[in-house]
Structure formats: C-alpha cells, structure tokens
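Below are the chains, spelled out letter by letter.
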Amino acid sequence: MSAIKAPPSGAADNSPSATIETTVRPVPGTRGHVTQLRVIRSEWTKLWSLRSTRWTLLVAVLGMAGLGPLIASIQMNRWNQMGPGDRLHFNPINTGLGGYHFAQLAIGVLGVLVLTGEYSTGQIRSSFMAVPKRLPVLWAKAGTFAAVTFVLMLISGLVAFLASQGILTQHHVQTTLGHAPALRALIGSALYLAVLAVFCTSLGAIVRNTAGGIALFAGLLFVLPGLAAILPTSTQNAINPYLPSNAGTTILAGTHEAHTLSAWGGFGLFCGYTAIVLIVAAVLMRRRDA
Amino acid sequence: MVLAAAAADTDPMISVENVTKRYGEKVAVDDLSFEVKPGIVTGFLGPNGAGKSTTMRLILGLDAPTAGNVTIDERHYAELPAPLHEVGAMLEARAIHTGRSAYNHLLALAQTHGIGRRRVQEVIELVGLQDVARKRVGGFSLGMGQRLGVAAALLGDPRVLILDEPANGLDPEGILWIRTLLKRLAKDGRTVFLSSHLMAEMAQTAEHLVVIGRGKLIADTSVEDFVQRASGSAAVRVVSPQATALRDALAAQDARVDSVERGVLEVHGLTGQAIGEIALAENIVLAELTPLQLSLEQAFMRLTGETVEYHTATAESSDDPSSMEVAA
C-alpha cells in the first residue's frame with residue numbers, strides 16, 4: 001500500500017518482470033505541453049486520415065479544375081449560334097472560374113463535417129481531453145481546413161483558368177492573368193472558398209449535428225438568394241448585396257454587376273459574417289458540455 | 001520527485017468537493033464529495049445510471065459542474081498544461097471517430113503533446129492491436145475498442161488513470177489482461193480510478209472503494225472493510241470429500257458453517273483464501289471452493305443499512321431494471 005514510487009516521469013522501468021511495458025523510454029524534449037502548433041499538426045493528421053475528407057476534396061478539386069474548361073468548350077461550340085445579348089454578357093473570367101459553384105458545395109459540406117463528424121462519433125471527447133482549453137481545436141480545425149482549401153482551390157482554379165482561356169482562343173474571347181480583374185478573381189475564388197471553409201466549420205461547431213449543419217449552410221448560402229428573388233425589386237436590391245453568398249462572391253466576379261457591393265467590400269462583409277459565426281462557435285464551444 | 005511523491009501521499013490526487021450536476025430537471029450527481037488518493041487503485045462502484053460516467057466527465061472537464069469543485073492535483077483539468085501526461089482516461093462511451101484507423105487516432109492525440117510515433121507504436125503493441133492498427137476503427141469489436149481506449153489512456157504515460165468500465169465487452173482473456181495491466185500500473189505507483197457496476201470485478205483490482213447510488217455517496221471505504229462488511233453473510237461454497245473434518249477445522253476458526261448437502265458446505269465469515277489455507281494446514285482435500293458473490297443490490301443494502309433515502313430511491317426506480325442490475 002505504501003509502495004509509492006516517484007511518478008513515472010519517463011524513467012526507464014527497471015522492474016524485472018516487465019511483461020507489460022507501460023512506461024515511456026524517454027526521448028529528450030518530448031514531454032511537452034499542448035501548443036497551438038501541435039494542435040494544428042494533430043488536426044492536419046485528422047483531416048487527411050479520413051476517407052471522406054480525401055474524396056470530398058478530390059471532388060472539389062475536380063469540380064473547380066474541370067467545370068470551367070467544360071463550360072468554355074460548350075460556349076465555343078455554340079458561339080456562332082449565340083445571340084448578341086449572350087455574347088455581350090460573355091465573360092472569360094466567369095467562364096474559367098465557374099467551377100467554384102460546384103466546389104463551394106463540397107467545401108461547405110466538408111467544413112460542416114469537420115466538427116459534426118467529431119460530435120456524432122464522440123471523438124470530440126478525446127479531442128477535448130487532449131486539449132481541454134478547447135479553442136485551440138477550433139482554431140486549428142478552421143485554420144488547417146481553410147489553408148488546405150486555399151491552396152487546392154488556387155491551384156485547381158489556375159488550371160481551370162488557363163485551360164479555359166486556351167479553349168476560348170477559338171473565338172479570340174480569352175483573357176490573361178495580366179488583366180487585373182482576372183488575377184483578382186482567381187485569387188479571390190480561392191480566398192472566398194477558404195473563408196467559406198471557416199464559415200462552415202463554425203456552423204458545424206454551433207449546430208453539432210451533421211444534417212442540421214448542412215441544412216443551415218445550404219439555407220444561408222443557397223436558399224436565401226432564392227427567397228430574396230421573389231421579393232419586390234426595390235426590396236431585393238436593398239437586401240441582395242448583403243446576403244452572405246452574394247457578398248462573398250463579389251471578389252471573384254469578372255465584372256461588377258449592378259446592386260452588388262464592390263469586390264473587396266463584399267468580400268470584407270463576408271469575412272465579417274464569418275468572424276461573427278466563428279466567435280459564436282468559440283463561445284459555445286467553451287461553455288457547453290461535450 | 002520522490003519527495004514530491006511522499007508529500008503527495010497525504011494529498012488527494014483527485015478531489016471532488018460538493019459537486020452537483022443537473023441536466024435540465026434530472027440530477028445526475030447530487031452534492032458528491034470524495035477523494036482519490038495517489039498511488040492506489042480506487043474503485044468507483046455503483047449501479048448503471050448512478051452517475052459514475054457523469055462524475056468522470058466532470059473530473060475530465062468535459063462537463064461543467066452545476067455546483068462544487070473538481071480538481072486533479074489541485075488544478076482544474078482544463079488548467080493542466082499537458083493533460084495527457086497527467087491523466088489518461090478511457091470513457092465508457094466510444095470517443096473515437098469510426099472512419100479513422102487506430103494508428104491515426106492515436107497519432108493525432110499524440111501530436112497535440114508532441115509525443116512521437118514510437119510511443120504510438122508502443123502503446124499499440126502494449127494493448128495487442130498491432131495487426132489491426134491500420135484498419136478503420138468502425139470495424140472494431142467492442143473488445144478491440146476497449147483496447148484502443150486503454151492505448152489512448154496510456155499514450156502520455158500519465159500518473160493518473162481514469163477508466164470507465166474497462167472490462168466491458170472484453171472476453172475472459174481480455175478481462176484477465178486488463179486486470180493484470182491495472183495491477184501493473186498500480187505497481188508502477190500510478191493512481192488508478194476505475195469504475196464498474198460489477199462488485200466482484202472491483203474486489204479483484206481495487207484497494208479503496210467509492211460507492212455511489214443515484215448520484216449520492218453511499219460509501220467511501222477500503223476494500224477490506226467493504227468485503228468484511230458485505231461478507232458478513234456472504235458465503236463461500238466448499239465441496240470436499242472430507243467435509244466433516246473441514247467443518248470442524250473451520251468451526252474452530254469461529255466460522256459459521258452450514259451443511260448444504262452431503263460433502264457441500266457453506267461457510268460464513270471466512271474468505272475463500274482463508275478456507276483454502278486452513279484446508280491445506282489440515283491436509284484436507286478441496287474439490288471446489290466458490291465464493292458466493294453478493295449481488296450489487298445486496299451489497300448496497302448491506303452497506304447502506306437502513307438508509308431510508310436509498311430504499312425509497314430504489315422503490316422509485318423500480319421501473320428502471322438497469323438500476324437493479326446484479327453482479328454476474
């Protein structure tokens with residue numbers, strides 16, 4: 001009863017009958033504290049070690065890289081039959097980066113899943129036992145997923161843009177990245193999707209339920225604009241620019257449309273919405289029982 | 001560190017002070033206070049639904065108490081700078097993403113503390129999961145899940161282990177394994193806090209017992225005391241071809257001995273081990289030596305005596321069969 005040894009601080013176990021070895025053989029400097037960087041490393045492992053993540057990201061990449069060129073070839077095939085109105089509204093930037101419509105669905109759903117997947121399986125309890133301050137987990141999850149999204153979407157966006165412009169040369173309606181709005185739209189599409197990743201991760205943290213989180217994401221991003229469209233035009237024009245999806249996508253629009261915010265102004269507003277949702281998620285994560 | 005450990009002998013490792021936890025109307029833990037002393041195995045006993053898991057979640061900072069204070073080594077769990085090195089925990093409910101492999105699950109946990117891959121491999125081998133470590137956890141049996149839970153708890157080589165029903169879902173071999181492991185961990189000088197609804201399982205491993213029912217403390221006692229009190233009427237069944245001689249030998253030790261049938265005795269007031277030793281000393285052959293275990297329910301009755309509170313509580317819960325669950 002009194003055989004209390006020093007707490008095993010990594011010292012080698014000299015017990016003769018070491019049939020079950022429970023102590024760590026010390027590796028200098030590994031007995032460390034939880035740091036934000038370490039939590040990020042952990043979340044990086046978590047992100048890539050799920051099959052669903054890899055598939056969803058692959059889908060997002062294929063959508064982003066493939067749809068623009070596909071749309072471009074359809075347009076080029078139909079170019080001679082297109083009316084003057086269509087030709088007038090044709091925009092090579094929007095064509096090239098059109099894949100974002102699809103990519104945002106994949107990124108949004110995955111963003112929600114990043115946290116609701118942990119709540120539904122109980123994994124969140126393991127995560128919070130390792131990181132009991134909890135918020136580093138939220139920052140790391142949102143941060144890693146946003147960074148991965150940004151890099152992947154920038155690369156696939158670039159592929160889509162270049163391939164599309166190549167196709168658009170058929171009728172000499174292409175543009176180049178030397179054109180300032182084109183460069184802004186390319187980087188903007190990756191930025192928009194990265195911020196969307198944070199937005200949806202936060203939604204997942206608030207709702208903690210996959211179906212609910214995805215419904216909320218789809219409701220805010222896709223249903224609200226549809227509802228606004230039934231309102232009288234004056235009301236519509238007053239509301240539309242401030243809807244999250246409309247504000248967020250100003251940064252990747254090829255041309256500035258009427259009744260929308262400026263490219264950076266709209267994107268800034270979307271970042272503001274995201275910050276609010278993220279703060280709500282953080283407060284709730286700290287306060288609620290896991 | 002040795003000095004610190006000696007000093008810690010008197011200080012509780014885990015301290016639960018007047019803790020109440022309410023979920024809406026339901027009171028899961030009701031003004032509960034107890035201490036878990038360092039360096040020994042403390043059993044946390046109570047029927048299903050008694051509040052054991054809730055108490056463990058409160059200790060681990062997963063749930064916040066409605067009132068009261070829970071500390072580990074005088075700090076709240078959330079204040080521990082490296083919790084996995086201080087406390088290793090396995091909760092009863094699965095706490096693992098089913099889509100991830102055992103290896104990646106452990107690796108992700110290890111990385112939060114900068115624990116290396118070698119230790120991950122070590123704990124996988126320690127719990128015997130090396131053949132399935134790269135497979136998705138979703139396909140694991142309950143027993144494999146428990147082993148993975150133990151691996152996660154041991155990852156940081158912690159001083160304190162908190163295990164919720166670790167024997168659950170394990171086959172006999174697995175139960176023997178966990179028992180050996182727990183004894184080994186305790187021998188290392190670790191504090192082990194272990195819950196179970198099976199009294200017999202607890203008597204095998206724990207030195208001290210904290211018993212709760214309906215969220216309230218029923219007993220905080222050493223296992224010896226508990227066994228003595230509970231075994232006041234608990235009997236050991238002994239089968240021997242020399243029953244008569246054994247009967248006389250046992251009676252000489254102040255045991256109460258009943259003859260059940262020819263060659264079969266029921267002995268009160270002595271442990272199985274004591275009976276075996278007496279038989280050995282007297283050169284008496286034993287054919288069978290079986291402790292007749294008290295059901296948990298009976299043990300509670302015995303422990304609580306005429307505690308009206310608990311009796312009424314039991315009556316109220318008669319619609320809940322799980323609270324009446326008895327030891328196997």
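Residues numbered from 1 in each chain as written. Chains lettered and ligands numbered in written order. Predicted model: local features only at pLDDT ≥ 70, side-chain atom pairs only at ≥ 80, totals over all residues.

Re the overall build of chain B
Scanning chain B for helices and strands turns up 13 helices and 13 strands. Of the contacts made within chain B by residues no fewer than 6 positions apart, 69% connect residues no fewer than 24 positions apart. (Helix = DSSP H or I, 4+ residues; strand = E, 2+ residues; numbered from the N terminus. Contact = placed C-beta atoms within 7 Å.)

Structural notes on the confidence of the model for chain B
All names here are of chain B. Averaged over every residue, the pLDDT of chain B is 83; residues scoring 70 or more account for 83%. Mean pLDDT in chain B bottoms out at helix 13 (residues 308-316), which sits at 39, and peaks at helix 4 (residues 102-111), which reaches 97. Scored below 50 in pLDDT, residues 1-9 shows 11 contacts in the model against residues more than four places distant or in partner chains. Contacts of residues 305-328 to residues separated by more than four positions or lying in other chains number 27 contacts, the stretch itself having pLDDT below 50. (pLDDT = per-residue confidence, 0-100.)

Thoughts on the confidence of the model for chain A
All names here are of chain A. Of the residues in chain A, 89% reach a pLDDT of 70 or more, and the chain-wide mean stands at 89. Predicted confidence for residues 1-19 stays below pLDDT 50, and this span has 30 contacts to residues more than four positions away or in other chains. Segment residues 24-30: pLDDT under 50, and nine contacts once partners within four positions in sequence are set aside and those in other chains are kept.

With respect to the sheet that holds strand 11 (residues 256-261) of chain B
All names here are of chain B. Read across the open sheet, the four strands follow the order 11-12-10-13; overall the sheet is antiparallel. Lying at the two open borders of the sheet, with one neighbouring strand each, are strand 11 and strand 13 (288-291). For this sheet, the mean inter-axis angle between neighbouring strands, taken without regard to orientation, is 20°. Pairing between strand 10 (residues 235-239) and strand 12 (residues 264-268): five bridges, direction antiparallel. Pairing of V239 across the sheet is with V264, part of strand 12. Strand contacts of helix 11 (residues 272-281): strand 10, strand 12 and strand 13, with the helix running at about 155° to strand 13, the strand carrying the most contacts. (Pairing = 2+ DSSP bridges. Axes fitted to C-alpha atoms, helices over the stretch in contact; angles between N-to-C directions.)

Topic: the packing of helix 5 (residues 100-121) of chain A against helix 8 (residues 180-207) of chain A
All names here are of chain A. At a minimum axis separation of 7 Å, helix 5 and helix 8 run at an interaxial angle of 35°. The handedness of the crossing between helix 5 and helix 8 comes out as right-handed. Residues Y100, A103, Q104, I107, G108, G111, V112, L113, V114, L115 and T116 of helix 5 lie in contact with helix 8, whose contacting residues are S189, L193, L196, A197, C200, T201, L203, G204, A205 and V207. In the contact of helix 5 with helix 8, the residues fall into 14 nonpolar, seven polar and no charged. (Left-handed = near helix turned anticlockwise from the far one by under 90°. Nonpolar A, V, L, I, M, F, W, Y, C, P; charged D, E, K, R; others polar.)

A closer look at unusual backbone geometry
Phi is positive for H259 of chain A, which is not a glycine, with a value near 55°. As for its placement among the helices and strands, H259 of chain A is situated in the loop between helix 11 (244-248) and helix 12 (263-287). Given 12 C-beta atoms within 10 Å, H259 of chain A falls into the exposed group. One non-glycine residue, R214 of chain B, lies in positive phi territory at about 50°. For R214 of chain B, a count of 21 C-beta atoms within 10 Å puts it in the buried group. (Buried ≥ 20, exposed ≤ 12 C-beta atoms within 10 Å, placed from the backbone.)

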